[in-house]
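What follows is the residue order along each chain.
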Amino acid sequence: MSHLLSEIRGKNYISNIEVGREYSRVGKIITIDVTGNSAMAKATITNKNKVYTDYLLLLKLDQGWRISNKIFTVQQTVSQQYQKQ
């Protein structure tokens, strides 16, 4: 199973986003649970054929809220599942 895990650095992810380019994806914050200076959030990003679900752990530091950990999963959209059958 370790071959399924990978690390993506934030700077590498951001460098793939082109300024001025429109992307056909929709992001939604599903839940936020805050206790003191800790929080967890669930968010989804949907594009035409995939739904990415992010689970984020956050800490409130002197500089503001920061993501301390993130995991995600990817699923095909319902329309993509029917097209493959």
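Just so it is clear, the model here is predicted, and its values are computed rather than measured.

### Focus on the overall build of the protein
In terms of regular secondary structure, the protein is built from two helices and four strands. Across the 85 residues that make up the protein, the buried fraction comes to 13%. Taking as baseline every contact in the protein between residues at least 6 positions apart, the subset at least 24 positions apart corresponds to 20%. With an accessible surface of roughly 7,600 Å², the protein has 54% of that area assigned to carbon and sulfur atoms.

### Brief notes about the sheet that holds strand β3 (residues 50-61)
With antiparallel pairing, the four strands of this open sheet are ordered in space as β1-β2-β3-β4. Unpaired on one side and paired on the other, β1 (26-35) and β4 (64-76) mark the two borders of the sheet. Shown here is a sheet whose adjacent strand axes are inclined to one another by a mean of 15°, direction ignored.

### A word on the side chain of Asp54
Position of Asp54 among the secondary structure elements: in strand β3. With near-sequence residues (within four places) excluded, Asp54 lies in contact with Ala41, Lys42, Ala43, Ile45, Lys70, Ile71 and Phe72.

### Side note on the environment of Lys48
By secondary structure assignment, the location of Lys48 is in the loop between β2 (38-46) and β3. Separated by 23 residues in sequence, Lys48 and Arg25 place their C-alpha atoms 7.2 Å apart.

### Observations concerning the pairing of β3
Alignment of β2 against β3, held across nine bridges, turns out to be antiparallel. Of the residues in β3, the one forming a bridge with Lys42 is Tyr55. A loop of three residues connects β2 with β3, the two strands running antiparallel in sequence. Relative to β4, β3 is paired through twelve bridges, and the arrangement is antiparallel. Counterpart to Leu56 in the pairing with β4 is Lys70. Counted between consecutive antiparallel strands, the loop separating β3 from β4 contains two residues.

Reading guide: rules and limits
- Residues numbered from 1 in each chain as written.
- Predicted model: local features only at pLDDT ≥ 70, side-chain atom pairs only at ≥ 80, totals over all residues.
- Heavy atoms only, no water.
- Helix = DSSP H or I, 4+ residues; strand = E, 2+ residues; numbered from the N terminus.
- Buried < 20%, exposed > 50% of the residue type's maximum accessible area, 1.4 Å probe, protein only.
- Contact = heavy atoms within 4.5 Å.
- Areas by Shrake-Rupley, 256 points an atom, 1.4 Å probe, with all protein chains shown as cover.
- Pairing = 2+ DSSP bridges.
- Axes fitted to C-alpha atoms, helices over the stretch in contact; angles between N-to-C directions.

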